[in-house]
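Residue-level structural notes
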Amino acid sequence: MAAIAFELPESVEQVRDGIRAFAEQEVIPRHERNRDLLENPRLKYDEDGRLSAPVRALIKEIRMASAEAGYYHMCVPEALGGGGFGMQVYYACWEELFHSCGPQNWMMLYALSHWAFGPSRLLEKVTDRARDEILGPLMSGEKSMCFGLSEPGAGSDASMIKTRARKDGDGWVINGRKIWTSNAPIADYCVLFAVTDAEKAAAKKGGISAFIVPTDAPGFVMQRVVKLFGHIGGDEAELVFEDLRVEPWQVVGELDNGFGAALYGVSLGRIYNSARAVGLGRWSVELALEYAKQRIAFGKPIAEYQGVSFPLATAATELHAAHLMGLNATKLLDQGEAAIKELSMTKAYSVQVGLKAVDQAMQAHGAMGLTNEIGLAEAWQYLRIINIADGSNEILNKTIAQRLLKGDVDL
């Protein structure tokens, strides 16, 4: 029996099912063949903390295979050469990938173009030269990118960025730094944000511009990989720009008006992370249910004890609500609504109940839930991160309250 009373559009169901089949055929088998490489940190990462060359090669294979199959760039606007699918497809496909693959088949992250790692509507306003030189390799999956917005003193309040682009002839010279830049350790390009008009920026009337820059450009320095949870490598980096030269063709969108692109990217991140939380939450609850039916304690399966089954029932209830919120918010976005309140609600609620679901699944497994081979600890770490990333729960609650106080009270 279906859990949702209304039918998703046939196009959404088809691409969701298609990308799951792609993951089953192209992603999971690569993991199975390369478990020693992908699960041994000493092989997975280089000495500096970046993903090793063999791992990067596998990721590139998946990106390019998915692009060839038509999935990688299916949510990229048609004007850029993509499939033109909307936000509900984007949500449904990410939720399906995380649900069906779980945290241990993590290379499914590269089966669909993540907004900060590959092409998206964020690049809709690149110049003709950038389109000719950069867009093609990004669309094919040959190259990847990163999104340089956050700084040591500018996280939740991104308008406080200190990176400066000083006018120099026809171009600019950029100095500053970024942190928490996902995919930066292996990216080929970076969309970075810098202040181009200090007076406008101080008055919060613009003055921030976006530029797309090759990561091997002179003056572009990956200072260090930011490592989390005691791991020896990672996917985040701190970047330093030292007299980095950029030309007019590298401007993304309008000069002094790049903050809108930054906010749009963060909004895409909120859709992605909402889907990620629901998908991993569902995966963890289903894993715990199967374990609870098999694990015998005091003469019967632990599923028969309310202390085990009731918390899982609560987790499933909350994930169901989060799933419906995600489908609703993305439908509103596809209809042209801003959905500021609804998307903020969806992200804040989804990541909290997703983390709670994984925690309950770990508890149901007992000590086994903490082991590496189960994967729940990995899922917990992912979801703990996204309770902060792309808008912390506190910032999202602030946004929701502001919208309500302005009269946006429809629920």
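Only a predicted model underlies this, so the values are computations on that prediction, with no experimental measurement involved.

Okay, the side chain of His31 next. Mapped onto the secondary structure, His31 falls in helix α1 (residues 10-33). Take His31: its relative accessible area is 0%, and that puts it in the buried class. Engagement of the side chain of His31 in a polar contact is seen with the backbone nitrogen of Trp106, the distance being 3.2 Å.

Moving on, we come to the pairing of strand β3 (residues 171-182). Across 5 bridges, strand β2 (residues 164-168) lies against β3 in antiparallel orientation. The partner of Asp168 across the bridge, within β3, is Gly171. The antiparallel pairing of β2 with β3 creates a hairpin that spans 2 residues between the two strands, and Gly169 there sits at a positive phi of about 65°. As paired elements, β3 and strand β7 (residues 236-246) share 8 bridges and run antiparallel to each other. Each residue of the ladder has a partner; that of Lys178, found in β7, is Leu239.

Turning next to the pattern of salt bridges. In the structure shown here, the tally under the stated rule is 23 salt bridges. Among the salt bridges present, the one from Arg20 reaches Asp17, with a minimum N-O distance of 3.3 Å. Taken together, the residues Arg20 and Asp17, both in helix α1 and 3 residues apart, mark about one turn of the helix. Looking at Arg20, the relative accessible area reads 26%, which means it is partly exposed. Asp17 gets classed as partly exposed once you look at its relative accessible area, which sits at 30%. Put simply, Glu238 and Arg224 hold a salt bridge, and the shortest N to O gap is 2.8 Å. Within this pair, whereas Glu238 is found in strand β7, its partner Arg224 is found in strand β6 (residues 220-226), the two being separated by 14 residues in sequence. According to the relative accessible area criterion, Glu238 is buried, its value standing at 8%.

Interhelical geometry of helix α10 (residues 340-365) versus helix α11 (residues 376-386) gives an angle of 155° and a closest axis separation of 9 Å. One finds that α10 runs roughly antiparallel with respect to α11. In terms of crossing hand, the pair formed by α10 and α11 is left-handed. Residues Lys347, Val351, Gly354, Leu355, Val358, Asp359, Ala361, Met362 and His365 of α10 pack against Leu376, Ala377, Ala379, Trp380, Leu383, Arg384 and Ile386 of α11. By residue class, the composition of the contact of α10 with α11 is 11 nonpolar, 2 polar and 3 charged.

Conventions adopted
Going along each chain's sequence as written, the residues are numbered from 1 onward. Local features are withheld for residues below a pLDDT of 70 in this predicted model, meaning they are given only at 70 or higher, and side-chain atom pairs are given and counted only at 80 or more; totals for whole chains, interfaces and linings count all residues. Hydrogens are left out, water is left out, and the side-chain values use all remaining heavy atoms of the structure. Helix numbering and strand numbering both begin at the N terminus, where a helix is a DSSP run of H or I of at least 4 residues and a strand a DSSP run of E of at least 2. Residue burial is assigned from relative accessible area. The probe radius is 1.4 Å, only protein chains are included, and a residue is buried under 20% of its type maximum, exposed over 50%, and partly exposed in between. Polar contacts, as counted here, are pairs of nitrogen or oxygen atoms within 3.5 Å of one another; within protein the pair requires one atom able to donate a hydrogen and one able to accept it, and residues that are adjacent in sequence qualify only if both atoms are side-chain atoms. Strands pair, by our definition, only if DSSP identifies at least two bridges between them. One speaks of a salt bridge when a side-chain nitrogen belonging to Lys or Arg is within 4 Å of a carboxyl oxygen belonging to Asp or Glu. Lines are fitted to the C-alpha atoms to define the axes, a helix being fitted only along its stretch in contact, and any angle between axes, read from their N-to-C directions, falls within 0 to 180 degrees. Oblique is the label for any angle not under 35 degrees, not over 145, and not in the 65 to 115 range, which are roughly parallel, roughly antiparallel and roughly perpendicular in turn. Should the near helix be turned anticlockwise from the far one by less than a right angle, the crossing is left-handed, and should it be turned clockwise, the crossing is right-handed. We call two residues in contact when some of their heavy atoms are within 4.5 Å. Gly falls in the polar group here, along with every residue not listed as nonpolar (Ala, Val, Leu, Ile, Met, Phe, Trp, Tyr, Cys, Pro) or charged (Asp, Glu, Lys, Arg).

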